[in-house]
Structure formats: structure tokens, C-alpha cells
Amino acid sequence: MYDDEFLFETRAIRSGHHRTAEGEHSEPIFPTSSFVFGSAAEAAARFSGDQPGNIYARFTNPTVKIFEQRLAALEGAQSCVATASGMAAIMAVCLGLLRAGDHIVSSRSIFGTTSILFERYLGKFGVETTFVDLTDMAVWQQAIQPNTKLLFLETPSNPLSEVADIAALADLAHAHDCLLVVDNCFCTPALQQPLKLGADIVVHSATKYLDGQGRIMGGAVCGDSKHVGEDVLGVLRTTGPSMSPFNAWVALKGLETLSLRMREHSANALKLAQFLDQHDRIEKVYFAGLESHPQHALAKSQQKDFGGIVSFEVKGGKQAAWKLIDSTRMLSITANLGDAKTTITHPATTTHGRLSDEQKAAAGISDGLIRIAVGLENIDDILADLRRGLES
Ligand SMILES: *Cc1c(COP(=O)(O)O)cnc(C)c1O
């Protein structure tokens, strides 16, 4: 009811909640695995699908449904299906929309576990993936085969903040009867709405910015009522990685402040990127909000702001990078992101540690590279924590 009438920030707070007879103001949690029916006939009607309604929490749960409807309203989607994690969301898309013999063209710069899912597990069932350069339209086009069904990408990419042209890739996908799937984890719908740019499906790790405080695992798939509302939902109901009502409730509370948080993450990240860009111990800064970034104009045209992830190379390689990380007192040394707390990580020995030296070089992961997921602390404290290491 709020979806057409209200603007983004309002939907993030009010969409999806249909108050129960108790008159609760905050969304209720329904910790129940099954639901009861008024009669044997009603049970039969629910099971046959003649009557809509809850049956069993692997299929639907009212708290999870509020989260799904709210996120659908934010992404501008007909349907949203919540999952136990971001990886469950991506897996459900693949199982729901692909069959043996199909082919995926995917950006090389995606979450490491997603590339393992594509290569090791989908490969086992006869689905092959070709990995391409996120920003090179010609190689996307060349990689498409008669059996290609999905194009998959994240933008901006992790950790180097490359930006893909979502509208151009959606056109390419549709010209070849493929679907474009965008992992919108880094921007969230507060900063970028891929479906409005022509993408067919959006996947989320709710573990990151949607919750926003590092408390839960969760995920979601958004898209049209056929591909998501039937095909992906069918996989979820059958295979089981559905979102728990408690996690849905935490993520709902996260959505209420999503817009505010993304604005502040972006503002802090821009200040950090500008500070690092001026610093003589820093070789290079990767952040699409800097005017020197090669896709700054594209990022500006399809995103509302530039997000909270800043990567940079320190002079002196791994030794200097580790020294800087170890000299911080406040920043958390962890690979997670999308938290109110700022995190710092050394991709070459953590998130990208399993890559060979050649693969790291091809992916641009140098030994001096550091990634910071900028949190919501006062930016002056974040800068002071880094200055200590940079100026020692
Ligand atoms: C974390 C992450 C995932 C996986 O999400 P989980 O909730 O950890 O399963 C997928 N894509 C991106 C971009 C991520 O950062």
C-alpha cells in the first residue's frame, strides 16, 4: 500500500507491514514452524494452492514476508524471496533458472565464494561459466554462446571499485535472450536500483548493508513474479535455505535506516579516499567517487552516491601493508563489510589468498593493497587511526 504512494525513505520504514489485531507499532516476529487451519477443508485448500496463506515456515513466514515486501518496494521489484544468506540467494537463482548444458558469463571481479559456486559446484552439474573483465563490453559480447542463459556481475566491484554499465549489459543480455543478474550488495537500493536500469534479477547479501550492523546472515532475490516469484521461490521451498523470522526482523530494522546509513558511509568513504589520495605513502586509491577514477562519470550516472568501500595501495608491498594494518587501534581487522564499524583487510592474504600469483596480478590484487569498509564512526577518528601507521 505504501509502494506507489511514498518515496524511498518512507517505504524503507513502512512498506510490507500490515498491522495485526493487536495493534503493534513495531513489526512482529512470528517464531513458528507451522500454521494451523480452521478445518480439514481449509487445510486441503491451502495445500492445493486454491487458498493463499501460510502452511509451513520453509515456504512462508509473516515476518519474513514483511522483509520481502519491503525490499521489493525498495528495489522496484514485483517479487522478492528472502534467503538464509547471500550465497543461498545466488544458489537459488542458479538452481531455479539454469539446467545442465547452460552457460553463464560472469564478471571475474565477483565475491570469491560466488566464483567457487559457479566453477566447482555448477560445473559438476554441467553448467559452465566464462569469466570476463567487468568493464570490457567487447569481451562480454564475445563470451556469449548459443547456450548462455545468465550474465552475472557486481558493481562497483570488490575490492577495486570498477563500475559496470548496467543498462548496456542489460541490452546485451536481452539481445541474446539472456537474463542479467546483478549482485547489488555494495550499493544497496538506496544508491543503485539495477532493475530500473534494465537488469532482470537483483541478489543481495543482507548480511552486509541491509542489516548494517554485522548481526545476522541473510540474503534475498528480487525480480519479476515468474523468475523470482515462481522459479526461485520453488527452489527455496524445496531445498530449504529460507530466512529465519528473527533474522528477517533484524534486517527489517536495518532497512529503516538504510538510506541514512548509506549516505553517511558514502560521505565518510569520500573523505577517506581524498585523504589517502593526497598522501605520499600511498601509491594509488581505488574509489569511484574520486574524479580521477576511470568510471567516475558512469558511477555518477547510475548510482546516487559512491558507497563505503575504499581500497588503496601503500608503497612498500606486503610488509608495509601489514604494518599499517597492525598499527591501527580502532579499526577492526576482519574481512566483513557493511557494518557500522570500520573494517580493514589485506585482500592478497585473506579474501584473495587462494589465487595464484598470476591470478592475483590479473585481478589487480597487489601485495600493497588494503581494503577499508568505511563505517559510521566519526571520520576524524578513522583518519587519526590510519595516520598513526602512515606517519610512523
Ligand atoms: C558477502 C557477499 C556475498 C555472500 O553473502 P553471504 O551472506 O556471506 O552468504 C555475496 N556477494 C557479495 C558482493 C558479498 O559481499
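The rules behind the values
Residues numbered from 1 in each chain as written. Predicted model: local features only at pLDDT ≥ 70, side-chain atom pairs only at ≥ 80, totals over all residues. Heavy atoms only, no water. Near = heavy atom within 4 Å. Polar contact = N/O pair within 3.5 Å; in protein donor to acceptor, adjacent residues only side chain to side chain. Areas by Shrake-Rupley, 256 points an atom, 1.4 Å probe, with all protein chains shown as cover. Buried < 20%, exposed > 50% of the residue type's maximum accessible area, 1.4 Å probe, protein only. Helix = DSSP H or I, 4+ residues; strand = E, 2+ residues; numbered from the N terminus. Pairing = 2+ DSSP bridges. Right-handed = clockwise from strand over helix to strand, strands pointing away. Domains from an automatic or database assignment. Contact = heavy atoms within 4.5 Å. Buried area = accessible area lost by both parts, 1.4 Å probe. Salt bridge = Lys/Arg side-chain N within 4 Å of Asp/Glu carboxyl O. Nonpolar A, V, L, I, M, F, W, Y, C, P; charged D, E, K, R; others polar. Axes fitted to C-alpha atoms, helices over the stretch in contact; angles between N-to-C directions.

A.B. asks: Help me understand the site of the ligand, please; the structure alone is not making it clear to me.
C.D. replies: Looking at the ligand, there are 13 residues lining it, with Gly86, Asp183, Ser205, Thr207 and Lys208 nearest. Glycine 86 places a polar main-chain atom, nitrogen or oxygen, 2.9 Å from an oxygen atom of the ligand. Methionine 87 places a polar main-chain atom, nitrogen or oxygen, 2.9 Å from an oxygen atom of the ligand. When isolated, the ligand has an accessible area of 380 Å², and the protein chains bury 93% of it.

A.B. asks: For this particular structure, what's the right way to read the pairing of strand S5 (residues 179–183)?
C.D. replies: Most of S5 sits out of view: five of its five residues are buried. Alternating residues of S5 divide into Leu179, Val181 and Asp183 and Leu180 and Val182, and every residue in both groups is buried. By the bridge criterion, five bridges tie strand S4 (residues 148–154) to S5 in an arrangement that is parallel. Note that in S5 the partner of leucine 153 across the bridge is valine 182. Where the polypeptide runs from S4 across helix H7 (residues 166–175) and back to S5, its parallel neighbour, the crossover connection is right-handed. As judged from the three bridges shared by S5 and strand S6 (residues 201–205), these two strands associate in the parallel manner. If you follow aspartate 183 over to S6, its bridge partner there is valine 203.

A.B. asks: Sorry if this is basic, but what is going on with the domain arrangement of the protein chain here?
C.D. replies: Partitioning the protein chain into domains gives domain 1 (8–30 + 61–256) and domain 2 (259–391). Contacts between the two partners involve 33 residues from domain 1 and, on the opposite side, 34 residues from domain 2. When the two sides are added together, the surface that domain 1 and domain 2 hide from each other amounts to roughly 2,800 Å², 56% of it contributed by carbon and sulfur. Its largest share of buried area at the contact with domain 2, domain 1 owes to Leu160, Leu191 and Tyr209, together 27% of the area lost on that side. Remark: the boundary between domain 1 and domain 2 carries one salt bridge. With a closest N to O distance of 3.9 Å, glutamate 9 and lysine 304 form a salt bridge. Taken together, the connections running from domain 1 to domain 2 amount to 12 residue pairs in polar contact (both at pLDDT 80 or more). Those elements giving two or more residues to the side of domain 1 that touches domain 2 turn out to be helix H1 (8–14), helix H5 (112–124), helix H8 (188–191) and helix H10 (245–256). Looking at the side of domain 1 that touches domain 2 residue by residue, the class counts come to 16 nonpolar, 12 polar and five charged.

A.B. asks: Would you explain the sheet that holds strand S1 (residues 79–83) in this entry?
C.D. replies: In a beta sheet, neighbouring strands are held together by backbone hydrogen bonds and run either parallel or antiparallel to one another. An order of S1-S7-S6-S5-S4-S2-S3 is seen for the seven strands of this open sheet, with the pairing classed as mixed. In the strand order of this sheet, the two ends are held by S1 and strand S3 (128–132), each with one partner. Neighbour-to-neighbour, the strand axes of this sheet turn through a mean angle of 20 degrees, independent of strand direction. Sheet topology places S1 next to strand S7 (residues 219–223); five bridges connect them, and they run antiparallel. Across the sheet, serine 79 pairs through a bridge with glycine 223, a residue of S7. Sheet strands touched by H5: strand S2 (103–107), S3 and S4. Its angle to S3, the strand with the most contacts, is close to 145 degrees. Most of the contacts of helix H9 (residues 227–239) go to S1, to which it runs at about 20 degrees, and overall it touches S1, S5, S6 and S7.

A.B. asks: I tried to follow the environment of lysine 304 on my own but got confused; where do I start?
C.D. replies: Its place among the elements puts lysine 304 in the loop between helix H12 (296–302) and strand S9 (309–314). For lysine 304, a relative accessible area of 61% corresponds to the exposed category. Sequence separation between lysine 304 and arginine 281 is 23 residues; the distance between their C-alpha atoms is 31 Å. Not counting the four nearest positions on each side in its chain, lysine 304 is found in contact with Glu9, Ala190 and Leu191.

A.B. asks: Honestly, the sheet that holds S9 in this entry has me stumped. Any pointers?
C.D. replies: With mixed pairing, five strands are arranged side by side in an open sheet as S8-S9-S12-S11-S10. Single-partner strands in this sheet number two, and they are strand S8 (282–286) and strand S10 (332–333). Its contacts with the sheet place helix H13 (residues 317–327) against S9, S10, strand S11 (343–345) and strand S12 (369–373), and it is angled at close to 130 degrees to S9.

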